[in-house]
Amino acid sequence: MSSGTEKKAYVGRSITVTFEARRCLHAAECVHGLPEVFDPGERPWIRPDGAEAERLAEVVRRCPSGALQYELVDGGAEIPDRPTRITRNTVGQLIARGELSMDTAAGPRAETRAVLCGCGQSRLQPYCDHAGPCGQTASG
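With an unreviewed UniProt entry as reference, the protein is termed Fe-S cluster protein YjdI, source organism Nonomuraea angiospora.

Right, let's talk about the overall build of the protein for a bit. When its secondary structure is counted, the protein shows 2 helices and 6 strands. Counting helices and strands in the order they occur from the N terminus, the protein gives β-β-α-α-β-β-β-β. Computed over its C-alpha atoms, the radius of gyration of the protein comes to 15 Å, within 12% of the 14 Å expected for a compact globule of 140 residues. Along the first, second and third principal axes, the C-alpha set of the protein runs to 40 × 30 × 30 Å. When burial is assessed residue by residue, the protein has 46% of its 140 residues classed as buried. Considering only contacts within the protein whose residues lie at least 6 apart along the sequence, 47% involve residues at least 24 apart. As displayed, the protein has an accessible area near 7,400 Å², and 52% of this comes from carbon and sulfur atoms. Taken together, the 17 basic and 18 acidic charged side chains of the protein have centroids lying 4 Å from each other.

Another point: the packing of aromatic side chains. Tallying each qualifying case throughout the model produces 2 aromatic pairs. Between the aromatic rings of F19 and W45, the centroid separation amounts to 5.0 Å while the plane-to-plane angle is 75°, which identifies the pairing as edge-to-face. Of this pair, F19 sits in strand 2 (residues 15–19) while W45 sits in the loop between helix 1 (29–33) and helix 2 (53–60); the two residues are 26 residues apart in sequence, bridging distant segments of the chain. Taken individually, F19 and W45 each receive the classification buried, so the pair is uniform in this respect. Seen from their ring centres, F38 and W45 are 5.8 Å apart, and the 55° between their planes marks the pair as tilted. Of the two residues examined, F38 and W45, each falls in the buried class. What links up through ring pairs into an aromatic cluster is the set F19, F38 and W45. The ring of Y127 has R23 sitting right over it, with the charged end atom 4.1 Å from the ring centre.

What counts and what doesn't
- Residues numbered from 1 in each chain as written.
- Predicted model: local features only at pLDDT ≥ 70, side-chain atom pairs only at ≥ 80, totals over all residues.
- Heavy atoms only, no water.
- Helix = DSSP H or I, 4+ residues; strand = E, 2+ residues; numbered from the N terminus.
- Rg over C-alpha atoms; globule rule 2.2 N^0.38 Å.
- Buried < 20%, exposed > 50% of the residue type's maximum accessible area, 1.4 Å probe, protein only.
- Contact = heavy atoms within 4.5 Å.
- Areas by Shrake-Rupley, 256 points an atom, 1.4 Å probe, with all protein chains shown as cover.
- Lys, Arg positive; Asp, Glu negative; His and termini not counted.
- Charge placed at Lys NZ, Arg CZ, Asp CG, Glu CD.
- Phe/Tyr/Trp six-rings, centres within 6.5 Å; stacked < 30°, edge-to-face > 60°.
- Lys NZ or Arg CZ within 6 Å of the ring centre and 35° of its normal.

Dropping the structure here:
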């Protein structure tokens, strides 16, 4: 069984964007924020050189699930929000932003953003994967 940690990297001149499909909850912050970079109808669907690196990083940080991450060529990466904040949305998902340490099937992971399962039915614990009622109607 997959651990859910498979990331695909999209390498640009100044920024690399990674995408972890199993964590994506289709909030579409990326597509709405930079349609010239994120186009699900194209292959590759992420074109990091389609926008300035800082602008692209800002849009990636809007991804609530953490399915999208980035690293700048100069080594710069996302700085976690402080203080860490966890909120529950209307369908029961837990939205976490900050300096997070997640216990996963693949071992501990450092995170800055995550949508966590609030109903206990996810097969990608602790992340929401659409399996239960908390993942059915939210666009987290």
